[in-house]
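Here are the chains, one letter per residue:
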Amino acid sequence: MAVTRSGGFAGLVRRAEVDSADHPAVAGLIHDVSLDELPEPKRQPDRYMYEIKIGDRSAQIGEADLHGPLRDLVDHVMTHGS
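Here is what the cut-offs are and how they apply
- Each chain carries its own residue numbering, running from 1 in the direction its sequence is written.
- Only residues with pLDDT of at least 70 get local features here, since the model is predicted, and only at 80 or more are side-chain atom pairs given and counted; chain-wide, interface and lining totals rely on the full set of residues.
- Heavy atoms throughout the structure, all of them, feed into the side-chain values; hydrogens and water do not.
- Secondary structure follows DSSP: runs of H or I at least 4 residues long count as helices, runs of E at least 2 residues long count as strands, and numbering of each begins at the N terminus.
- Burial classes follow relative accessibility: with a 1.4 Å probe on protein chains only, a residue under 20% of its type's maximum area counts as buried, one over 50% as exposed, and anything between as partly exposed.
- Among buried residues, the Ala, Val, Leu, Ile, Met, Phe, Trp, Tyr and Cys ones that are joined through side-chain atoms within 4.5 Å form a nonpolar core.
- A contact between two residues is defined here by any heavy atoms of the two lying within 4.5 Å.
- The salt bridge definition used is simple: a Lys or Arg side-chain nitrogen within 4 Å of an Asp or Glu carboxyl oxygen.

A.B. asks: Explanation requested: unusual backbone geometry in the structure shown.
C.D. replies: Note: most peptide bonds trans; most residues except glycine with negative phi. Non-glycine residue Asp-46 carries a positive phi angle of around 60°. Relative to the assigned elements, Asp-46 resides in the loop between helix 1 (24-31) and strand 3 (48-54). A relative accessible area of 51% places Asp-46 in the exposed class.

This is the structure in structure tokens:
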């Protein structure tokens, strides 16, 4: 699974990827997340946008709407991914 973060004040792009086989916490969080139920992404000045890819599915979400298990998943991937 992969997460790409873009935007923010400086407009930088950062990408991180992990293999759920190597990160059991990610596998559990993926189970709790449904990319099909995310709100439409709202771009806001100086806020991050996230593209989340799980297998062949992907979705975008704005920083303001990122919470709960999805926030935990994104934080884990961005912290432990390469």
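A.B. asks: Could you clarify how one ought to interpret the nonpolar core in this entry?
C.D. replies: Within soluble globular proteins, side chains that are nonpolar generally end up buried alongside one another. Ranked by internal contacts, the top residues of the largest apolar core, which has 20 residues, are Met-1, Ile-52, Leu-73 and Val-77. Those elements that provide at least two residues to this core are helix 1, strand 3, strand 4 (57-62) and helix 2 (68-80). Ranked by residues supplied to this core, first place goes to helix 2 with five residues. Among all residues touching Met-1, those that are not within four sequence positions of it are Ala-16, Glu-17, Val-18, Val-26, Ile-30, Ile-52, Lys-53, Ile-54, Leu-73 and Val-77.

A.B. asks: Help me understand the pattern of salt bridges, please; the structure alone is not making it clear to me.
C.D. replies: It is possible for side chains of opposite charge to pair when their charged atoms get near one another. A full pass over the atoms with the stated rule returns four salt bridges. Between Arg-15 and Glu-17 there is a salt bridge, and its shortest N-O distance comes to 2.9 Å. According to the relative accessible area criterion, Arg-15 is partly exposed, its value standing at 45%. You can call Glu-17 partly exposed: its relative accessible area is 39%. When the shortest N-O distance is used, the salt bridge between Arg-71 and Asp-75 registers 3.7 Å. Of this pair, Arg-71 and Asp-75 both sit in helix 2, four residues apart, which is roughly one turn of that helix.

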